[in-house]
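Observations on the model geometry
Chain by chain, the residues run as shown.
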Amino acid sequence: MAKRPNNEALIPNPALKAFGVLVGEWSTVGTHPLVPGTTFHGYTSFQWIEGGAFLVMHSEIQEPGIPSGVAIFGSDDSLGEFFMLYFDERGVSRKYGVSLSNNTWKWWRDFPGFSQRFTGTIADDGRTIVGKGELSKDGATWEGDLAPTYTRMH
């Protein structure tokens, strides 16, 4: 069995400190305008990996039609920007910009033919996040996308 080298870089990334409010396990309930009358139930977890150098998100929806996925959050300290690399069960992989400040978590992706954005409002007690997703096929007109509410389990 190969031994993992001792790596001094396995430490908390100070740039990601604000994202610590997300760490934990969350139940999710959401709606999607393309599936009216359906409530989606699922689970999302956030945890530090590599000693806190990165944050990982696992999301799972129990009903069909909404993919389960995984995302890694990281930063570019020279740009002062944050990114989320996403992959899901369909084989879709995407890079999103991400931010978290003043109890507002956002992620976005601008791409011709399919742009997305999400805003999650974090309750003052940190136990609930109300999210609103949107998508655009022309870069100008935005329509509703998945709208999840996260409730902290642990």
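Residues numbered from 1 in each chain as written. Predicted model: local features only at pLDDT ≥ 70, side-chain atom pairs only at ≥ 80, totals over all residues. Heavy atoms only, no water.

In terms of helices and strands, the protein chain carries 0 helices and 11 strands. Beginning at the N terminus, the succession of helices and strands in the protein chain can be written as β-β-β-β-β-β-β-β-β-β-β. Since a compact globule built from 154 residues should have a radius of gyration of about 15 Å, the 16 Å found for the protein chain is in line with a globular shape. Classification of the 154 residues of the protein chain by burial places 36% in the buried group. Considering only intrachain contacts with a sequence separation of at least 6, the fraction spanning at least 24 residues in the protein chain is 33%. (Helix = DSSP H or I, 4+ residues; strand = E, 2+ residues; numbered from the N terminus. Rg over C-alpha atoms; globule rule 2.2 N^0.38 Å. Buried < 20%, exposed > 50% of the residue type's maximum accessible area, 1.4 Å probe, protein only. Contact = heavy atoms within 4.5 Å.)

Let's shift gears to the side chain of Ser 115. As for its placement among the helices and strands, Ser 115 is situated in strand β8 (residues 115-122). We classify Ser 115 as buried; its relative accessible area is 4%. From its side chain, Ser 115 meets the backbone nitrogen of Phe 111 in a polar contact 3.0 Å long. Residues within four places of Ser 115 in sequence aside, it is in contact with Arg 109, Asp 110, Glu 134, Leu 135, Ser 136 and Trp 142. (Polar contact = N/O pair within 3.5 Å; in protein donor to acceptor, adjacent residues only side chain to side chain.)

Our focus in this paragraph is a nonpolar patch on the surface. Together, Phe 54, Ile 72 and Leu 85 make up a nonpolar patch on the protein surface, roughly 250 Å² of accessible area in all. Within the element layout of this structure, Phe 54 appears in strand β3 (residues 54-61). (Patch = residues over 30% accessible without salt bridge, like charges linked within 9 Å, V, L, I, M, F, W, Y side chains within 5 Å. Areas by Shrake-Rupley, 256 points an atom, 1.4 Å probe, with all protein chains shown as cover. Salt bridge = Lys/Arg side-chain N within 4 Å of Asp/Glu carboxyl O.)

Tallied over the entire structure, the rule returns 3 salt bridges. Ionic pairing is found between Arg 117 and Glu 134, a salt bridge with its closest N-O pair at 2.7 Å. Taken together, the residues Arg 117 in strand β8 and Glu 134 in strand β9 (residues 128-136) connect sequence positions 17 residues apart. Glu 134 is paired through a salt bridge with Lys 132; the nearest N and O atoms lie 3.9 Å apart. On the basis of relative accessible area, Glu 134 is assigned to the buried category, the value being 17%.

The topology assignment puts Thr 149 in strand β11 (residues 147-152). A relative accessible area of 29% means that Thr 149 is categorised as partly exposed. Each C-alpha atom of the pair Thr 149 and Gly 131 lies 5.7 Å from the other, and the pair is 18 residues apart in sequence.

Here we take up the pairing of β8. Examined bridge by bridge, strand β7 (residues 104-109) and β8 share 6 bridges and lie antiparallel to one another. Counted as the bridge partner of Lys 106 is Thr 119 from β8. Where β7 hands over to β8, the hairpin turn is made up of 5 residues, of which Gly 113 adopts a positive phi near 90 degrees. The pairing of β8 with β9 spans 8 bridges and is classified as antiparallel. Among the inter-strand pairings, Phe 118 is bridged to a residue of β9, identified as Gly 133. Here β8 hands over to β9 after 5 residues, with Gly 126 in that stretch at a positive phi of 70 degrees. (Pairing = 2+ DSSP bridges.)

A few words on the nonpolar core. If you look at the biggest cluster of nonpolar residues, it comprises 20 residues, and the most contacted ones within it are Phe 19, Leu 22, Phe 46, Phe 73 and Trp 105. Secondary-structure elements contributing two or more residues to this core are β3, β4 (69-76), β5 (81-88), β6 (93-101), β7 and β8. It is β6 that provides the largest number of residues to this core, a total of 3 residues. (Core = buried A, V, L, I, M, F, W, Y, C linked by side-chain atoms within 4.5 Å.)

One non-glycine residue with positive phi stands out, namely Glu 50, at about 55 degrees. By relative accessible area, which is 35% here, Glu 50 ends up partly exposed. Even without a glycine there, the phi angle at Asn 102 is positive, about 50 degrees. With respect to the secondary-structure elements, Asn 102 resides in the loop between β6 and β7.

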